[in-house]
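Examination of the molecular architecture
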Amino acid sequence: MLSPKKVKHRKVFVGKMRGVAQRGSSIAFGDYALKAIEGGKLSAQQIEAARIAINRKIKRGGQVWIRVFPDKPLTKKAAETRMGKGKGAPDSWVAPVRPGRIIYELTGVDEAVAIRALSLAGNKFPFACKVISRRNSI
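Residues numbered from 1 in each chain as written. Predicted model: local features only at pLDDT ≥ 70, side-chain atom pairs only at ≥ 80, totals over all residues. Heavy atoms only, no water.

Remarks on the packing of helix α1 (residues 44-58) against helix α2 (residues 111-122)
Convention followed: For helices, the fitted line uses only the C-alpha atoms of the stretch in contact; every axis is such a line through C-alpha atoms, and the angle between N-to-C directions lies from 0 to 180 degrees. Put simply, DSSP H or I for four residues or longer makes a helix, DSSP E for two residues or longer makes a strand, and each gets a number counted from the N terminus. Note on angle classes: values under 35 degrees are labelled roughly parallel, values over 145 roughly antiparallel, values of 65 to 115 roughly perpendicular, and the remainder oblique. A clockwise turn of the near helix away from the far one marks a right-handed crossing, whereas an anticlockwise turn of less than a right angle marks a left-handed crossing. Contact criterion: two residues are considered in contact whenever any of their non-hydrogen atoms come within 4.5 Å of each other. For this scheme, ten residues count as nonpolar: Ala, Val, Leu, Ile, Met, Phe, Trp, Tyr, Cys and Pro. Four count as charged, namely Asp, Glu, Lys and Arg, and the remainder, Gly too, count as polar.
At a minimum axis distance of 8 Å, the contact between α1 and α2 shows a crossing angle of 155 degrees. When the axes of α1 and α2 are compared, the pair comes out roughly antiparallel. Considering only the axes of α1 and α2, their crossing is right-handed. On α2, the residues that touch Ala-50, Ile-54, Lys-57 and Ile-58 of α1 are Val-113, Arg-116, Ala-117, Leu-118, Leu-120 and Ala-121. Broken down by class, the residue content of the contact of α1 with α2 amounts to eight nonpolar, no polar and two charged.

So this is what it looks like as structure tokens:
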């Protein structure tokens, strides 16, 4: 699973995700991309599951870029613990995703395979995504 090697703070505030993505909202590396329409949090497990789905579909024929990284810790208190006594221990890592953010990019395969692979990956996420192309939006 993806996780940072070292962090400045073990626990961070939950925060709010307002607005649309300013950075990472256009295709930079590949020919086809998976773009988030809604905002949300992507866990490291979801990112990895979608990557595996893409690689299985393209049969290692193309190149895939992952444009998000889970660098925000989520904390969780132990089961059957009473309220209070501080924040829980870090449990997992997530990547905050705003609407318009490019999540995966893909090149080296034909259009039909790329669309199918990226749409399969989009099904793994808790928010809506769409497949776009460098030439035109699909």
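What about the sheet that holds strand β3 (residues 63-66)?
Stated precisely, the cut-off is as follows: Any two strands are treated as partners once DSSP identifies two or more bridges connecting them.
Read from one edge to the other, the open sheet built from four strands follows the order β3-β6-β1-β7, with strand pairing classed as antiparallel. Of all the strands in the sheet, just β3 and β7 (129-133) have a single pairing partner and so form its edges. In this sheet, adjacent strand axes meet at a mean angle of 20 degrees when their direction is disregarded. Inspection of the sheet shows strand β1 (residues 32-36) paired to strand β6 (residues 102-107) by four bridges, in the antiparallel sense. The residue of β6 that forms the bridge with Tyr-32 is Leu-106. α1 rests against β3 and β6 of the sheet, and its axis sits at about 20 degrees to β6.

Things to note about the environment of Thr-107
Note the following rule: For every residue, the accessible area (1.4 Å probe, protein chains only) is compared with the maximum for its type, and the residue is labelled buried under 20%, exposed over 50%, or partly exposed between those bounds. Whenever two N or O atoms come within 3.5 Å, that pair is a polar contact, provided that in protein one can donate a hydrogen and the other can accept it, and provided that, for residues adjacent in sequence, both atoms are side-chain atoms.
Within the secondary structure layout, Thr-107 lies in strand β6. Looking at Thr-107, the relative accessible area reads 18%, which means it is buried. Taking C-alpha positions, Thr-107 is 12 Å from Ile-132, a pair spaced 25 residues apart along the chain. Every residue in contact with Thr-107, bar those within four places of it in the chain, is listed here: Gly-30, Asp-31, Gly-62, Gln-63 and Trp-65. A polar contact is formed between the side chain of Thr-107 and the side chain of Asp-31, at a distance of 2.8 Å.

Examining unusual backbone geometry
Not every positive phi belongs to a glycine, and Glu-80 is a case in point at roughly 60 degrees. Within the secondary structure, Glu-80 is located in the loop between β4 (72-76) and β5 (89-97). With a relative accessible area of 85%, Glu-80 lands in the exposed category.

Shape descriptors only; they carry no functional weight alone.
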